[in-house]
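# A look at the structure
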Amino acid sequence: MKRVFNFSAGPATLPEEVLIQAKEELLDWHGSKMSVMEMSHRSKEFLSIAEESERDLRELLSVPSNYKILFIQGGATLQFSMVPLNLMTKNGGADYIKTGTWGKKAAQEAQAYGQVKIIADTHTEKGFLSEPDAESLVFSKSADYIHYTPNETIEGVEFSYVPDTGDLPLVADMSSTILSRPIDISQFGIIYAGAQKNIGPAGLTIVIIREDLINKSLTKVPTMLRYETHSNNQSMYNTPPTYSWYLAGLVFKWLIKKGGLQSISEANKSKADLLYSVIDSSKFYNNPVEKICRSKMNITFTLANKDLQDKFISHAHDEGLVALKGHRSVGGMRASIYNAMPLEGVRALTDFMSEFERKNG
Ligand SMILES: *Cc1c(COP(=O)(O)O)cnc(C)c1O
């Protein structure tokens, strides 16, 4: 069976090798004569899966020892609430940077819990297409933290730098960029990511948190919404999403085998360069995002002739190039090309685009 090239923004394509391995292990994991899905999360088999996946993730991202990694549920969206609930406790306020839809949502949610100051908002009548200048960012001295979205999945805008917040904790929603390139974890207070973009199946959320930010004195925060609860219980206060966690572990092994994040970031750059070069060299396609902050993971584009859009999407689909429709809020097209999308898939897309332009341009 020939599988499609799936450009969905999430849940997104997974490495085929990982799916094959999961299939082989589906009924009998390593001689246990049962599926990972059927195992107690407290069994020694699952504990070994959990520990090994954490070890591999630590290795991939070089996570310093004063950071905890939590494997929890609720998606990135629950982090929009958990971050302020747990961190807006000293001064009751935080700074937010808005460069797209997700950052906007995060800021909106935080407003329920304290003073939210929007210190940058790149929205214009054309949408979110740029990043703020690093020098233009002025942080509130009393902010409990600074929140931003390194890669805005819907608009395809990716920060070209990490804001330098000094002693103020920087919180990053890395749902659509985590593991796409090496990062220096020590620049961040908290990193969170829903798994279904670049980690594994939906249902799992990863939180990497500096230990001093795990607040121990919260009283009104529900038990399940405290970082402390998950940290003190190795993410097993209640039943974690075991199968998603296991699959994420297989993805980490796949990344290590591929040479780690330096190597995957080079592959990601080649894929993005190829797609942007086809867009930029034509008057038929257009990407409106400022070049410096174009996403390497989610590439948006429009057609000069909007009437051809439905035809483009349906013909692409017939060629096995699926889920290219842009987010309903911005329209146009979007190709999400996370780690698991092979260069071959991007080449199939650019070949199709050139051919479609030749026939319809
Ligand atoms: C997909 C996404 C979200 C929402 O994730 P859920 O896991 O569905 O809650 C939030 N932020 C970013 C940057 C995303 O890409």
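Report on the accompanying structure. (Residues numbered from 1 in each chain as written. Predicted model: local features only at pLDDT ≥ 70, side-chain atom pairs only at ≥ 80, totals over all residues. Heavy atoms only, no water.)

Inspection of every chain in the model, using the stated rule, returns one cavity of 30 Å³ or more. There is about 70 Å³ of room inside the largest cavity. Forming the boundary of the largest cavity are Thr13, Leu14, Pro15, Lys197, Asn198, Ile199, Val251, Trp254, Leu255, Tyr338, Asn339 and Ala340. Split by residue class, the lining of the largest cavity holds eight nonpolar, three polar and one charged. (1 Å grid on protein atoms, 1.4 Å probe; cavity = no way out; pocket = protein on both sides within 12 Å on 5 of 7 lines; lining within 4 Å. Points joined across faces, edges and corners; volume = space filled by probe spheres on them. Nonpolar A, V, L, I, M, F, W, Y, C, P; charged D, E, K, R; others polar.)

Time to look at the sheet that holds strand S14 (residues 298–303). Strand order in the open sheet formed by three strands is S13-S14-S16, and the pairing between neighbours is antiparallel. The open sheet is flanked by strand S13 (285–286) and strand S16 (333–336), the only strands paired with a single partner. Packed on one face of the sheet, helix H7 (residues 260–280) meets S13, S14 and S16 and runs near 15 degrees to S14. (Pairing = 2+ DSSP bridges. Helix = DSSP H or I, 4+ residues; strand = E, 2+ residues; numbered from the N terminus. Contact = heavy atoms within 4.5 Å. Axes fitted to C-alpha atoms, helices over the stretch in contact; angles between N-to-C directions.)

Turning our eyes to something else, we now look at the site of the ligand. The immediate surroundings of the ligand are formed by 13 residues, with Thr77, Thr153, Asp173, Gln196 and Lys197 found nearest. In the environment of the ligand, an oxygen atom lies 3.1 Å from a nitrogen or oxygen atom belonging to the backbone of Ala76. The side chain of Thr153 places a nitrogen or oxygen atom 2.4 Å from an oxygen atom of the ligand. In isolation the ligand offers 390 Å² of accessible surface; the protein chains occlude 86% of this area. Ranked by the residues each element gives to the shell around the ligand, the list is headed by helix H3 (residues 75–87), at four residues. In the shell around the ligand, the residues fall into three nonpolar, eight polar and two charged. (Near = heavy atom within 4 Å. Polar contact = N/O pair within 3.5 Å; in protein donor to acceptor, adjacent residues only side chain to side chain. Areas by Shrake-Rupley, 256 points an atom, 1.4 Å probe, with all protein chains shown as cover.)

The next thing to look at is the pattern of salt bridges. Evaluated as defined, the whole model comprises 14 salt bridges. With a closest N to O distance of 2.7 Å, Lys269 and Asp273 form a salt bridge. Pair noted here: Lys269 and Asp273 are both in helix H7, with a separation of four residues, about one helical turn. On the accessibility criterion, Asp273 (40% relative accessible area) is partly exposed. The closest approach of N and O atoms between Glu355 and Lys359, which form a salt bridge, is 3.6 Å. (Salt bridge = Lys/Arg side-chain N within 4 Å of Asp/Glu carboxyl O. Buried < 20%, exposed > 50% of the residue type's maximum accessible area, 1.4 Å probe, protein only.)

Time to look at a nonpolar patch on the surface. A contiguous nonpolar surface patch, about 320 Å² in accessible area, is contributed by Leu26, Leu27 and Met37. Within the secondary structure, Met37 sits in the loop between helix H1 (16–24) and helix H2 (44–61). (Patch = residues over 30% accessible without salt bridge, like charges linked within 9 Å, V, L, I, M, F, W, Y side chains within 5 Å.)

Attention now goes to the side chain of Arg334. Topologically, Arg334 is positioned in strand S16. Here Thr153 takes part through its backbone oxygen, which lies 2.8 Å from a polar atom of the side chain of Arg334. Apart from residues no more than four positions distant in its own chain, Arg334 is found in contact with Phe7, Ala9, Thr153, Ile154, Asn298, Ile299, Thr300, Ala323, Leu324, Lys325, Gly326 and His327.

The next subject is unusual backbone geometry. Following Gly10, the chain continues to Pro11 via a peptide bond in cis, the omega torsion being -10 degrees. Positive phi values are uncommon outside glycine, yet Leu179 reaches one of about 70 degrees. Tracing the chain through its elements places Leu179 in the loop between strand S10 (170–173) and strand S11 (190–194). Classification of Leu179 by relative accessible area gives buried; the value is 1%. Although it is not a glycine, Gln234 sits at a positive phi angle of roughly 50 degrees. Structurally, the position occupied by Gln234 is in the loop between helix H5 (227–232) and helix H6 (242–257). By relative accessible area, Gln234 is classed as exposed at 58%.

Let's shift gears to the sheet that holds strand S2 (residues 67–72). Adjacent strands of a sheet form backbone hydrogen bonds with each other and so pair up, either parallel or antiparallel. In space, the seven strands of this open sheet follow the order S2-S12-S11-S10-S7-S3-S4, with mixed pairing throughout. Each end of this open sheet is capped by a strand with a single partner; those strands are S2 and strand S4 (115–121). This sheet shows a mean twist of 15 degrees between the axes of neighbouring strands, independent of strand direction. With six bridges connecting them, strand S3 (residues 93–98) and S4 associate as parallel partners. Residue pairing for S4: Tyr96 is matched across the bridge by Ile118. Contacts between H3 and the sheet are confined to S2, S3, S10, S11 and strand S12 (205–210), with S11 contributing the most and set at about 155 degrees to the helix. Against the sheet, helix H4 (residues 101–110) contacts S3, S4, strand S7 (146–148) and S10, and its axis sits at roughly 160 degrees relative to S3.

If you add up the space inside the largest pocket, you get close to 580 Å³. If you trace the largest pocket, you find 25 residues lining it, with Arg3, Leu14, Glu16, Ala340 and Pro342 closest to the centre. Secondary structure elements with two or more residues in the lining of the largest pocket: strand S1 (5–6), H1, H7 and helix H9 (343–360). For the lining of the largest pocket, the class distribution of residues is 14 nonpolar, four polar and seven charged.

Another point: H4. Among all positions of H4, only Gly103, Ala106, Ala107 and Ala110 are buried. Take H4 and look down its axis: the buried residues cluster within an arc of 95 degrees, on one side only. Elements in contact with the buried residues of H4: H3, S3, S4, S7 and strand S8 (151–152). (Arc of directions from axis to C-beta.)

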